[in-house]
Amino acid sequence: MTLNQQMGITRPLKTVAKMLALASVFATSFNVFAAPVEIKFSHVVAENTPKGQMALKFKELVEQRLPGEYTVSVFPNSQLFGDNNELAALLLNDVQFVAPSLSKFERYTKRLQVFDLPFLFNDMDAVNRFQQGEAGQALLNSMSRKGIVGLGYLHNGMKQFSANAPLKQPSDAKGLKFRVMASDVLAAQFDAVGAIPVKKPFSEVFTLLQTRAIDGQENTWSNTYSQKFYEVQSHITESNHGVLDYMVVTSEAFWKGLPADKRKVIKEALDESIALGNKIAAEKDNEDKQLILDSKRSQLVTLTPEERQKWIDVMKPVWAKFEDQVGKDVIEAAVAANKQ
């Protein structure tokens, strides 16, 4: 082989080597300057609620621990999606995290209906024991076949009844229209006292109350205060008849698509954020109740043990109606959680 022939082979090889080196530099530069992955977190309540504060803490922690790699955009107050379509949006990857109330999962699993059963839990301590126990943790995985991954429970608190009339006896609710979430259990709960359940999105509740399209609703002290429901309801009955909690969920496709090391960091950030949200929920329960009372816009109705028992007697048969769907074992585990 002549010298010229050897040089003819060497030059292309050198050129290829240079091109590969340049490509490596460009690839590295692209990774350095690539836009961070956006995680959209959509929810339907105000930022000053336990859920709102949890979402903001999650944003802070993720962006702090994965700087330049991931960013979290939080959309409160149904800015992106209402509570009737946020799960569909999640499965379409239009958002990556949502935290619907447990009632909203009815079309994906019937077992979570346990949280809607009236007068099932004595207090939030019992709710927490159940959720952290074996049965409660198993429910986080109850929608995996539908492509939904449960990542943790977030508290809001126990629910109270409100109306434009005092509700002391179950008969006081007869004929009144109450807004309920899209839950057959909650509808049956009001059917049991002769009331009329009206399934409507959370974002419409204030207007429905203000225009007297409905007569009342059920909610926690936190939501009743932050959404100003107390301004358009003359009475709130402290019934503690049910729990309003949330499940923070993502889609299986998104979750499994994350690199394992990044997924671990994001899960740890979420766990810490949920812990903060639950702490805030416990504090706000009493604080927001007192703010409502101080406003004097709504009168508190306190039930005697005998009066509360009448509500329990009328509503408890709802348990049996949904036992086959929820699972007798799940209900029994919830009842057992009432015992310390």
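Residues numbered from 1 in each chain as written. Predicted model: local features only at pLDDT ≥ 70, side-chain atom pairs only at ≥ 80, totals over all residues. Heavy atoms only, no water.

## Points about helix α6 (residues 184-191)
In terms of burial, α6 is largely enclosed, as 6 of its 8 residues are buried. Along α6, the residues that are buried comprise Val-185, Leu-186, Ala-187, Ala-188, Gln-189 and Phe-190. Where α6 begins, one side-chain oxygen reaches toward the backbone nitrogen of Val-185, 3.3 Å away; that side chain belongs to Ser-183. (Buried < 20%, exposed > 50% of the residue type's maximum accessible area, 1.4 Å probe, protein only. Helix = DSSP H or I, 4+ residues; strand = E, 2+ residues; numbered from the N terminus. Polar contact = N/O pair within 3.5 Å; in protein donor to acceptor, adjacent residues only side chain to side chain.)

## A short note on the packing of aromatic side chains
Per the stated rule, a full pass over the model turns up 14 aromatic pairs. Aromatic pair Phe-41 and Phe-58: ring centres 6.0 Å apart, planes at 70°, arrangement edge-to-face. Linking Phe-41 in strand β1 (residues 37-42) with Phe-58 in helix α2 (residues 50-65), this pair joins segments that are 17 residues apart in sequence. Given the relative accessible area of 0%, Phe-41 is considered buried. A relative accessible area of 0% places Phe-58 in the buried class. Judged by centre distance (5.6 Å) and plane angle (10°), the rings of Tyr-225 and Tyr-230 are stacked. Joined through ring pairs, the aromatic side chains of Phe-41, Phe-58, Phe-97, Phe-254 and Trp-255 make up one cluster. When the ring centre of Tyr-246 is taken as reference, the NZ or CZ atom of Lys-51 above it lies at 3.7 Å. (Phe/Tyr/Trp six-rings, centres within 6.5 Å; stacked < 30°, edge-to-face > 60°. Lys NZ or Arg CZ within 6 Å of the ring centre and 35° of its normal.)

## A look at the packing of α2 against helix α10 (residues 260-295)
Remark: α2 packs on α10, axes separated minimally by 8 Å, with the N-to-C direction vectors making an angle of 150°. With respect to α10, the axis of α2 lies roughly antiparallel. The crossing of α2 and α10 is right-handed. (Axes fitted to C-alpha atoms, helices over the stretch in contact; angles between N-to-C directions. Parallel < 35°, antiparallel > 145°, perpendicular 65-115°, else oblique. Left-handed = near helix turned anticlockwise from the far one by under 90°.)

## Quick word on helix α4 (residues 124-132)
What α4 keeps buried is the set Ala-126, Val-127, Phe-130 and Gln-131. Taken end-on, α4 shows its buried residues confined to a sector of 130°, consistent with a single buried face. Check the buried side of α4 and you find it contacts α5 (134-139), β4 (148-158), β10 (243-251) and α14 (328-336). One side-chain oxygen of the residue at the start of α4 lies 3.2 Å from the amide nitrogen of Asp-125, identifying that residue as Asp-123. (Arc of directions from axis to C-beta. Contact = heavy atoms within 4.5 Å.)

## Description of the side chain of Ser-103
The residue Ser-103 is located in the loop between β3 (97-98) and α4 in this model. In contact with Ser-103, not counting residues within four places along its chain, are Asp-116, Met-181, Ala-182, Ser-183 and Leu-186.

## Some remarks on the sheet that holds strand β8 (residues 216-219)
Strands sit in the order β7-β6-β8-β5-β9-β11 across an open sheet of 6 strands; the sheet is mixed. Whereas interior strands pair on both sides, the edge strands pair on one side only; in this sheet they are β7 (196-199) and β11 (299-302). Across this sheet, the average inter-strand angle for adjacent strands is 30°, counted without regard to direction. Sheet topology places strand β9 (residues 235-238) next to β11; 4 bridges connect them, and they run parallel. Bridge pairing links Thr-237 to Val-301 in β11. The strands touched by α6 within the sheet are β5 (160-163), β6 (177-180), β7 and β8, with β7 carrying the most contacts at an inclination of about 155°. (Pairing = 2+ DSSP bridges.)

## Focus: the environment of Glu-231
Topologically, Glu-231 is positioned in the loop between α8 (221-226) and β9. For the pair Glu-231 and Leu-276, spaced 45 residues apart in the sequence, the C-alpha separation amounts to 29 Å.

## Notes on the environment of Glu-86
With respect to the secondary-structure elements, Glu-86 resides in helix α3 (residues 86-91). On the accessibility criterion, Glu-86 (2% relative accessible area) is buried. Each C-alpha atom, one on Glu-86 and one on His-43, is 8.0 Å from the other, the two residues being 43 residues apart in sequence. Other than its neighbours up to four places away in sequence, Glu-86 contacts Ser-42, His-43, Val-44, Phe-81, Val-95, Val-98 and Pro-100.

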